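# Geometric and topological summary
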Protein chains: 2
Amino acid sequence: MSKTKGRVTLPSEGNFLEETKEMMDRWGADALRDSDGTKLPEEIKALDASIYTTYFVARGHNEFAEKHMDECQQMYLMSSRVTAADTVVEISFMEGYFDQQVVPDYVHDCKRWWEVMDRTVGQPVDPGQWQVDKERNVVTVSNAAAFHEYTVSFLVFAIWDPTQMYNHITNDWGGKPHEIPFDVRQPASGQYAKDYLVQWLKDNPRTDVVRFTTFFYHFTLVFNHKAKEKFVDWFGYGATVSVKALEEFEEEYGYRLRPEDIVDNGYYNSTFRVPSRHYLDYMDFIQRFVAGKAKELVDLVHEAGREAMMFLGDNWIGTEPYGKYFPEIGLDAVVGSVGGGATLRLISDIPGARYTEGRFLPYFFPDTFYEGNDPCLEARENWLCARRALMRKPVDRIGYGGYLSLAYKFPKFVDYIEEVTDEFREIYEKIGGSKPYCGLKVAILNCWGRLRSWQAFMVAHALWYKQTYSYFGVLEALSGAGVDVTFLSFDEIIESGIPEEVDVIVNAGAAGTAFSGGDRWLEERLVTAVRKFVWNGGGFVGIGEPSAVHGGGRFFQLADVLGVDKELGFSLSTDKYFTKPMENHFLKEDQRSDFDFGESVNNVYALSEDTEIAEFSDGEVHLSAHGYGRGRGVYIAGLPYSHDNTRLLLRGLYYSGGREEEMKRWYGDNPLCEVHAYPEKGHYAVVNNSMEPQTTMVYDGAGKAHEVKLEGSQILWEKM
Amino acid sequence: MSKTKGRVTLPSEGNFLEETKEMMDRWGADALRDSDGTKLPEEIKALDASIYTTYFVARGHNEFAEKHMDECQQMYLMSSRVTAADTVVEISFMEGYFDQQVVPDYVHDCKRWWEVMDRTVGQPVDPGQWQVDKERNVVTVSNAAAFHEYTVSFLVFAIWDPTQMYNHITNDWGGKPHEIPFDVRQPASGQYAKDYLVQWLKDNPRTDVVRFTTFFYHFTLVFNHKAKEKFVDWFGYGATVSVKALEEFEEEYGYRLRPEDIVDNGYYNSTFRVPSRHYLDYMDFIQRFVAGKAKELVDLVHEAGREAMMFLGDNWIGTEPYGKYFPEIGLDAVVGSVGGGATLRLISDIPGARYTEGRFLPYFFPDTFYEGNDPCLEARENWLCARRALMRKPVDRIGYGGYLSLAYKFPKFVDYIEEVTDEFREIYEKIGGSKPYCGLKVAILNCWGRLRSWQAFMVAHALWYKQTYSYFGVLEALSGAGVDVTFLSFDEIIESGIPEEVDVIVNAGAAGTAFSGGDRWLEERLVTAVRKFVWNGGGFVGIGEPSAVHGGGRFFQLADVLGVDKELGFSLSTDKYFTKPMENHFLKEDQRSDFDFGESVNNVYALSEDTEIAEFSDGEVHLSAHGYGRGRGVYIAGLPYSHDNTRLLLRGLYYSGGREEEMKRWYGDNPLCEVHAYPEKGHYAVVNNSMEPQTTMVYDGAGKAHEVKLEGSQILWEKM
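I will try to describe carefully the structure that is included in this document. (Residues numbered from 1 in each chain as written. Chains lettered and ligands numbered in written order. Predicted model: local features only at pLDDT ≥ 70, side-chain atom pairs only at ≥ 80, totals over all residues. Heavy atoms only, no water.)

## With respect to the overall build of chain A
Heads up, the condition is: In this description a helix means any DSSP run of H or I spanning at least four residues, a strand means any run of E spanning at least two, and both kinds are numbered starting from the N terminus. Only protein chains enter the accessibility calculation, which uses a 1.4 Å probe; a residue is then buried when its area is under 20% of its type maximum, exposed when over 50%, and partly exposed in between. Every accessible area reported is derived by Shrake-Rupley at a probe size of 1.4 Å, with residue values counting cover from the shown protein chains alone. Counted charges follow a simple rule, with Lys and Arg positive, Asp and Glu negative, and His plus the chain ends left uncounted. Charge positions are represented by NZ for Lys, CZ for Arg, CG for Asp and CD for Glu.
The secondary structure content of chain A amounts to 19 helices and 36 strands. For chain A, the spread of C-alpha atoms along the three principal axes comes to 75 × 75 × 50 Å. For chain A, the proportion of its 720 residues judged to be buried stands at 63%. Here chain A has roughly 25,800 Å² of accessible surface; of this, 48% comes from carbon and sulfur atoms. Across chain A, the mean location of the 74 positive side-chain charges is 3 Å away from that of the 109 negative side-chain charges.

Okay, structure coming up:
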């Protein structure tokens, strides 16, 4: 590959001028950034590069915040549950919370803004029945019902920004001041945020790109009394709450939110919850506010002739890059951290920004860069995983974070990233803004739809959870697959039907979650729309517990489409005859070893002999297909990410759509290889997703095949 | 052991006189019986033995039945589901049913007695919207809603008794007439049943015991169009239905049952369903009728100076041996088939009969008694398994079935049963009617309570199901354990609280089933009563998904008691800190190898550090305990039957009741051995439940221990 330059951002630091120049040259970097805790010295800023500067809107201004503690951000928290063994119950509601992060809000009337819940009957307790002891942080409930459980939903002021708190505690920053988060909805804070930015832009003339980290409200991150994480929701709106917000909401929507609308039984409206109408209203309300306020700041940046970039994370709540208000903010760019293909697409598909940047792994931190460790391993894995997605829809830039001086000490790593940055630029140049060939249009169907594009099944950003990996694998597989991916909500189907261009619908998730859909599947318009879609030739792929809610003698409401249902114990009396897998089936033509359905699902059985059972073990169906009108339903018990499962999913998509004849177009038959074609550009790429050499048959757009040999991780570009 | 005689029933047959005498002598039999398909010849009947004769009330009288086809038994059946792809739907409702077993009832008005259901919205279709084509057995629905699923609930006449049908088909009986089941609720049939019995008693003077096989209504057993089992529910009331019954029900209860009350979405009110009020009313209605009618027959038997014995199975529906009407029947005896300990207790605990008899395995049939096979293996396994339960509450007699001539050909088997029968008589003599020492009173809590004593988790009698063995093991373990076992329903607790004498409550089963309890756990009186019970020192052992129904932020409604809950995905944002099992815990002091939780339960986690985690693997808790007031909750993820799991359960019971100090009373520390003490009799037995020699420490009633060595399967009787 020839030496190229651009589209790469590096961190830098003090006393590292010559090496920075060398690294910029080798990696072709055209932008430099500071990191959390590092500042770029003037000599670095003077280099021929675009300068990014991290900017905190609502934290890191303690000189202001300390004077306006009544404008601190707020949250609703739920106390522990306390059982009434007697008629009087004392609830030490702050127990288990970190008093350096949150303090009870005694400024506003507790009787008006707090709620004591009888969790056993799900009803609030009359405020006349409880008292707050502000000295001891105790709520005392009188006339309690014996052996009911009680909780207090109480308002707190947040007095420590969670990201700084995490870094502070993790890195043992000792006496360093705690950054106090203030709420720009409040008058002084709102004004301050703008005034400070105006001045800051004047004070930082060399900053080309203001890197907002981020705007106003942090995702929900609450620590416990031992200063350890207690609750984390990367999507949580917990920190957006305030008395002022609730009052403004009431005025606008004509009804009052209860604390329970936010606290939600202690689930705090996790994205796994089928969202309530009240919570959707509240999200919309916050999004509009955030977009409006953020626009004011972005406008100031533009007026000063600079670019505005948003970090996708930390205080990003309410920006909702796939929401309807996001484009109004007018950002130039979004930058986010790339953990793999799905997180790359989460960034690169954002429609409302001029360009996107992915921060790749590993961070240049001592946890990876220590003597005896080879940081190339993590880098290579991260790159190969994300590269699949880049081939479909690239971010416009890539970057790294941490201490450049640390990476510099690992010459093999520097060599490898030199290759990576060159390869990235080559890919970007070859693909440009063109749309790759897509064999199918696939819609992921859940409660959230487009708003949570590439964000399903996530709790903390990109972390592994036993309960999610078997579903998140679907997104990861799709992120680099040769299909067009869209996200569809139940509400959209109910309101306007299934979009004409969709070929296959995927519904994946555990029963009752927003991703599977829970009660929504009892809605007649939803279930009939999907049935009709398949009947008329569409495909439906159900993964895990699709359309699952018990009703009408079914657990899978689309059991008729899928040809399988899950035995809950109620129909054990009905003989299950169909237990023999077919010897050969389109779905398993690539099977090289045992299937891996991850956590899988128990007790799924075939309804009739019409169900094509592709895999049956331990008395259960884990993979099957079923004709329904002119379309098909395909069932997969779980899909952790792997190359084999990516291929299995692709087969499921084509088979369900009745287009299995068309699968081998721009296709490599070796599951470790993929082919991406760019008709507008007149070329295609054969990609080896593994680190070992591979041989694959490559099928062109007409299905004609030829053999190709590839080096480990090689991309071979060919004319069409 | 000395040679004893009595308490044993043998089958006999023609041309087998001398051998029968020999076998009677060796096995000490004092009763002889015929079997299905064999008749005792006069010479056998003349022997010095009580003669049992099988008697069929409502089948095997085709000379009557054929003249009264309008009095055939009836059922409600549900058709297959048919999707409306158009506005007109045709439902071939007999499709999938066996036309030699059932025929549509066109005698009664279909519009009045049938129901077409729109399963998508769960509503019946207006009868004006559908028509029946009686020629083609087709229901046509007009103005159907697109992509709704429709079913027909239709009445049939049953024209073949299911037990005879099964034997007929299995044994290829060819042209042998199909026995037609008639309904004694109908005038002619009711009269006939009595008249025939009166005459039969006259015609069979040598019969001492009339063995009713059984009374009026067969458990639900429906075959498909290929003459294979389609639906089987050993508890099903399906065959009790008739237009007459429904009319009488309406008159008595003041409301009309709908077909859907019986069809129940195709689940047909399986015992796994939380029963509806309507279905409970219907069961009660049938039980009263059956008890009354059966009493009439039993009275006739008694008037003729004979004994009346009921077979527990086949046409036993509505007798409900643990129901409130059963004692009114006035039976002398109940006989049933023994598959293990729980099925033995199911017979031996029946309160309303003078004596009970267990039919042991194997049957003397060619499937076991063939050259090269050793029938002793099955016999020994069956005996050792059932013997545990015998030691707690013996049946009064044991017996065998099949062809005695076949068993006779296996001398080792004859030897072994000689030992068994002598051992049985010795046990019976030693125990008499005395109550063994019980360390605890344990109540199994579910929707059914006492009515389904020892009958939980069963589908077809004693058959293994993947979905049930992890729960049925609880009953099997308890059947021979040194505790007093009682069965308690939610309704009893709600109406009259938890009985004073109960020490520990066990709730076991899969979420949503009648055994776990489903929605019932949302009832405040239930959940508070159990909490209070434990708080005051009672024990609660939850197995599988105890008290499971999603509500109020919990899945296990008694999560506060158990200290664990199941993650459904909604609280993934909450950190789960407690993942370390304790190195030592009372619950696992007998652990010899990996625990076996059977199908187990996923995603159970500890709520706080107060939860004592005894086993944690694969990111989940499977065994734990938790203090709650003065009592404890114990959680076990599943309990397939084994000696180790019996011990684990015992430990759970004692620990939850806070009485672990008292466990080692009349106790053997080797899990393969058990000690049963009979204070009224002044002796105790040390039992080796295994076939190999064992050594065990034996603890007396004061907890003093001494070592005992036992031969394989030995029982050692000692004075107290």
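Don't stop here, the text continues.
## Concerning the relation of the copies chain B and chain A
Note the threshold: Our superposition of the copies is a least-squares fit, built on the C-alpha atoms of residues whose pLDDT is at least 70 in both. Here, residues are in contact when the closest pair of their heavy atoms is within 4.5 Å.
Between chain B and chain A, the superposition needs a rotation of 180° and an axial shift of 0.0 Å, giving an RMSD of 0.0 Å. Here the transformation between the copies is reduced to the relation of a two-fold axis. When C-alpha positions in chain B are compared against the rotation axis, the closest is assigned to asparagine 602 of chain B, at 5.1 Å. Of all interface residues in chain B, 100% are interface residues in chain A too; the two copies therefore contact each other through one and the same surface.

## Considerations on the interface of chain B and chain A
Applied cut-off: For salt bridges, the criterion is a side-chain nitrogen of Lys or Arg within 4 Å of an Asp or Glu carboxyl oxygen. Counted as a polar contact is a pair of N or O atoms within 3.5 Å, where, for protein atoms, one must be capable of donating a hydrogen and the other of accepting one, and residues adjacent in sequence contribute only when both atoms are in side chains. For this classification, Asp, Glu, Lys and Arg are treated as charged, while Ala, Val, Leu, Ile, Met, Phe, Trp, Tyr, Cys and Pro are nonpolar and the rest, including Gly, are polar.
Counting from both sides, the interface comprises 58 residues of chain B and, opposite them, 58 residues of chain A. For the interface between chain B and chain A, the tally reads ten salt bridges. Residues aspartate 618 of chain B and lysine 466 of chain A are paired through a salt bridge, measuring 3.3 Å at the closest nitrogen-oxygen approach. Counting across the interface, chain B meets chain A through 32 residue pairs in polar contact (both at pLDDT 80 or more). Sorting the residues of the side of chain B that touches chain A by element identifies strand E15 (229-233), helix H17 (524-535) and strand E29 (620-628) of chain B as the ones contributing at least two each. Top contributing element to the side of chain B that touches chain A by residue count: H17 of chain B, with six residues. Taken together, the residues of the side of chain B that touches chain A sort by class into 17 nonpolar, 21 polar and 20 charged.

## Points about the packing of aromatic side chains
Working definition: an aromatic ring pair is given by the centre-to-centre distance plus the angle between the planes. Definition in use: Aromatic pairs are defined between Phe, Tyr and Trp rings, using the six-membered ring for Trp, whenever the two ring centres lie within 6.5 Å; interplanar angles under 30 degrees are classed as stacked, those over 60 as edge-to-face, and all others as tilted. Counted as over-ring charges are cases with an Arg CZ or a Lys NZ within 6 Å of the ring centre that also lie within 35 degrees of the ring normal.
In total, this model carries 114 aromatic pairs over all chains according to the counting rule given. Ring centres of tryptophan 535 of chain A and phenylalanine 147 of chain B lie 5.8 Å apart, and the angle between their planes is 70°; on these two criteria the pair is classed as edge-to-face. A residue pair is termed interchain when its members come from two chains, as with tryptophan 535 of chain A in helix H17 (residues 524-535) and phenylalanine 147 of chain B in the loop between strand E11 (138-141) and strand E12 (149-158). We classify phenylalanine 147 of chain B as buried; its relative accessible area is 5%. An aromatic cluster is defined as three or more aromatic residues linked by ring pairs; in this entry it consists of Tyr55, Phe64, Phe182, Tyr192, Tyr196, Trp200, Phe212, Phe215, Phe216 and Tyr217 of chain A. In this structure, arginine 273 of chain A is placed above the aromatic ring of phenylalanine 570 of chain B, and the distance from its NZ or CZ to the ring centre is 5.2 Å. Over the ring of tyrosine 97 of chain B we find lysine 230 of chain B, and its NZ or CZ is 4.8 Å from the ring centre.

## A look at the pairing of strand E20 (residues 441-446) of chain B
All names here are of chain B. Formally: Two strands qualify as a pair provided DSSP detects at least 2 bridges between them. Orienting the strands away from the viewer, one traces the path from the first strand over the helix to the second; a clockwise path indicates a right-handed crossover.
For E20, the tally of buried residues reaches six of six residues, placing the bulk of the element in the interior. Side-chain alternation along E20 places Lys441, Ala443 and Leu445 on one buried face and Val442, Ile444 and Asn446 on a second face that is also buried. Pairing of E20 with strand E21 (residues 484-489), which is carried by six bridges, proceeds in the parallel orientation. Within E21, the residue paired with leucine 445 across the bridge is leucine 488. In this view, the connection linking E20 to its parallel neighbour E21 by way of helix H15 (residues 469-479) has right-handed handedness. Here three bridges tie E20 to strand E22 (residues 504-509), and the two strands are oriented parallel to one another. Bridge assignment links valine 442 to a residue of E22, and that residue is valine 504.

## A short note on the sheet that holds strand E17 (residues 333-337) of chain A
Residue and element names in this part refer to chain A. We count it as follows: To get an axis, fit a line to the C-alpha atoms, keeping to the stretch in contact for a helix; angles then go from 0 to 180 degrees between the N-to-C directions.
The parallel closed barrel is built from eight strands, whose spatial order is E1-E2-E3-E13-E16-E17-E18-E19. The average angle at which neighbouring strand axes cross in this sheet is 25°, direction not considered. Across the sheet, helix H14 (residues 411-431) lies against strand E1 (8-11) and strand E19 (397-399), angled at about 165° from E19, the strand it touches most.

## Some thoughts on the packing of helix H11 (residues 341-348) of chain A against helix H12 (residues 375-392) of chain A
Residue and element names in this part refer to chain A. Condition: Handedness of a helix crossing follows the sense of rotation of the near helix relative to the far helix, less than a right angle counterclockwise being left-handed and clockwise being right-handed.
Two elements in contact, H11 and H12, have axes whose closest approach is 7 Å; the angle formed by their N-to-C orientations is 35°. You can see that H11 and H12 cross each other, and the crossing is right-handed. Contact with H11, carried on its side by Gly341, Leu344 and Arg345, involves Cys385, Ala386, Ala389, Leu390 and Arg392 of H12 and no other residues of that element. Of the residues belonging to the contact of H11 with H12, the class tally is five nonpolar, one polar and two charged.

## Structural notes on the pattern of salt bridges
Applying the stated rule across the entire model yields 106 salt bridges over all chains. Its salt-bridge partner being glutamate 248 of chain A, residue arginine 185 of chain A comes within 2.5 Å of it at the nearest N-O pair. One end of the pair, arginine 185 of chain A, is in the loop between helix H5 (162-170) and helix H6 (187-203); the other, glutamate 248 of chain A, is in helix H7 (residues 243-253), with 63 residues separating them in the sequence. Ionic pairing is found between arginine 452 of chain A and glutamate 320 of chain A, a salt bridge with its closest N-O pair at 2.7 Å. One end of the pair, arginine 452 of chain A, is in the loop between strand E20 (441-446) and helix H15 (469-479); the other, glutamate 320 of chain A, is in the loop between strand E16 (307-311) and helix H10 (326-329), and 132 residues separate them in sequence. Exposure class is identical for arginine 452 of chain A and glutamate 320 of chain A. Each is buried. Salt bridges sharing partners connect three or more residues here, namely Arg81 and Glu149 of chain A together with Arg531, Arg554 and Asp560 of chain B.

## Observations concerning the state of the cysteines
Threshold: In plain terms, two cysteine sulfur atoms within 2.5 Å form what is called a disulfide here.
Across all of its chains, the model carries zero disulfides over all chains by this definition. Cysteine 438 of chain A takes part in no disulfide bond, and the closest cysteine sulfur, belonging to cysteine 385 of chain A, lies 19 Å away. Free of any disulfide, cysteine 376 of chain B has its nearest neighbouring cysteine sulfur in cysteine 385 of chain B, separated by 17 Å.

The values are spatial; any link to function lies outside them.
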